[in-house]
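As a plain string of letters, each chain reads:
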Amino acid sequence: MAIIANPTYDEVFKYLMADERVSRVIIGCLLDKKIKRVKQRNNDVLRAGYSDLHLLRLDFNAEVVQESGETVEVCIELQRAQEADEVMRFRKYLATQYADETNKDEAGKPLHIVTIYLLGHTISTEHKEAVLRINHVVRKNDGMEISTKSSIDFISALTNDMIVVQIPYVKAKHDTLLDKILSVFKEAPRRTSAKTFDYHDNPDEQDVEMVNLLRVLEKAAADPKLIRLMDMEDELEHFVKAKEEEAEEARKQIAAAKEKITEAGERIAKADEMIAQANKKSARADEMIAKADEKSARADEKFAKADEMIAKAEKMIASARAIEAEHEKMIAEMAQLKALMKKHGFGE
């Protein structure tokens, strides 16, 4: 039994892969090829905003021994993630490798790229294999497969091989060296729960590569500086999770505010519709009032004409009455005149 550092911590994994012998063995087992030499180029811990998604990227140049005995230099991009939903970031980082002008050999030829994804989650429930190797195949027009693409520089420079490791599918039975190496990650407790743990599967002394790997992790477990870095990693993760919770709460509040704004907008729209309908009815009422006023004006005009006609009629009646009175007066005067003439004997 050995007490080893938890390799799910980014700092521990970087420490482990910084050992050239260990990285050469791990990469060789994953590629299923003999690695003559490996050189680490960088190590980046990438965190995207306030998220508990951690991506660790390590880049290597490796001299791979082919079946023919020829040694070919390739670019290895190893990325590790604990959570899902990282595909777009993986694509982005792969693009940077293709764009990197330094990814070429001494002759100036672009290096073939091999991507290795070490995942703390699964990508398929159908293929429950711990290791998936994806190697593109070159075929002629008749469907016949060409033996190798590595001999065609153009194809090799513009395609990449891929290896996906699904840690949850690592077998309990360790048949190969790769199984044993991956079992260390499988048995490791979740980050923040334990910085070190007891690894119970002690290898034989003849299993020198596994013994060396565990010794590196034992050394890491006893390194005060590395323990402090793991503490800082824990603190950062707690901080990030707290910020993520704050951000999630803010997103909920924003969503609720947007919903209220939408509801208010709907109510305003309904009010505007009612106002528009009221304005329409008001316009109709105004139109009816205008028509009524027009009719009233016409009636007033007719009444005025009628009053004028009545006044004329009354004037004519008054004139007629005056004429009639004058006529009656004349008749009376004539009667008086006749009576007077008769009295004096003029009428006989």
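Just so it is clear, the structure is predicted and the values come from calculations on it, not from any experiment. (Residues numbered from 1 in each chain as written. Predicted model: local features only at pLDDT ≥ 70, side-chain atom pairs only at ≥ 80, totals over all residues. Heavy atoms only, no water.)

**Q** Now, about a nonpolar patch on the surface: what can you tell me, with residues and values included?
**A** Taken together, the side chains of Leu 337, Leu 340, Met 341 and Phe 346 define a hydrophobic patch exposed on the protein surface, amounting to about 410 Å² of accessible area. With a relative accessible area of 44%, Leu 340 lands in the partly exposed category. (Patch = residues over 30% accessible without salt bridge, like charges linked within 9 Å, V, L, I, M, F, W, Y side chains within 5 Å. Areas by Shrake-Rupley, 256 points an atom, 1.4 Å probe, with all protein chains shown as cover. Salt bridge = Lys/Arg side-chain N within 4 Å of Asp/Glu carboxyl O. Buried < 20%, exposed > 50% of the residue type's maximum accessible area, 1.4 Å probe, protein only.)

**Q** An account of the confidence of the model for the protein chain is needed here, citing residue identities and associated values.
**A** When pLDDT is low, close inspection of the predicted coordinates is not appropriate. Looking at the protein chain, the pLDDT average stands at 86 and 92% of residues meet or exceed 70. Here strand E2 (residues 34–47) is the element of the protein chain with the lowest mean pLDDT, 77, and helix H2 (residues 20–31) is the one with the highest, 95. Long-range and interchain partners of residues 47–53, a stretch whose pLDDT sits below 50, account for 22 contacts in this model, where long-range means more than four residues apart. (pLDDT = per-residue confidence, 0-100. Helix = DSSP H or I, 4+ residues; strand = E, 2+ residues; numbered from the N terminus. Contact = heavy atoms within 4.5 Å.)

**Q** Before we move on, could you go through unusual backbone geometry and cite the residues and values that matter?
**A** Although it is not a glycine, Asp 32 sits at a positive phi angle of roughly 60°. Note on Asp 32: relative accessible area 60%, which makes it exposed.

**Q** Describe in detail the pattern of salt bridges, supporting the description with residues and values.
**A** On inspection of all chains with the given rule, the structure shows 17 salt bridges. Of the charged contacts, one joins Glu 209 and Arg 21 as a salt bridge, the two residues approaching to 3.3 Å between their closest N and O atoms. Within this pair, whereas Glu 209 is found in helix H6 (residues 208–221), its partner Arg 21 is found in helix H2, the two being separated by 188 residues in sequence. On the basis of relative accessible area, Glu 209 is assigned to the partly exposed category, the value being 25%. Assessed through its relative accessible area of 34%, Arg 21 is described here as partly exposed. Between Arg 251 and Glu 244 there is a salt bridge; the shortest N-O distance is 2.8 Å. The partly exposed category is assigned to Arg 251, whose relative accessible area is 40%. Owing to a relative accessible area of 24%, Glu 244 belongs among the partly exposed residues under this scheme. Within the structure, one salt-bridge network assembled from shared partners comprises Lys 195, Asp 231 and Asp 234.

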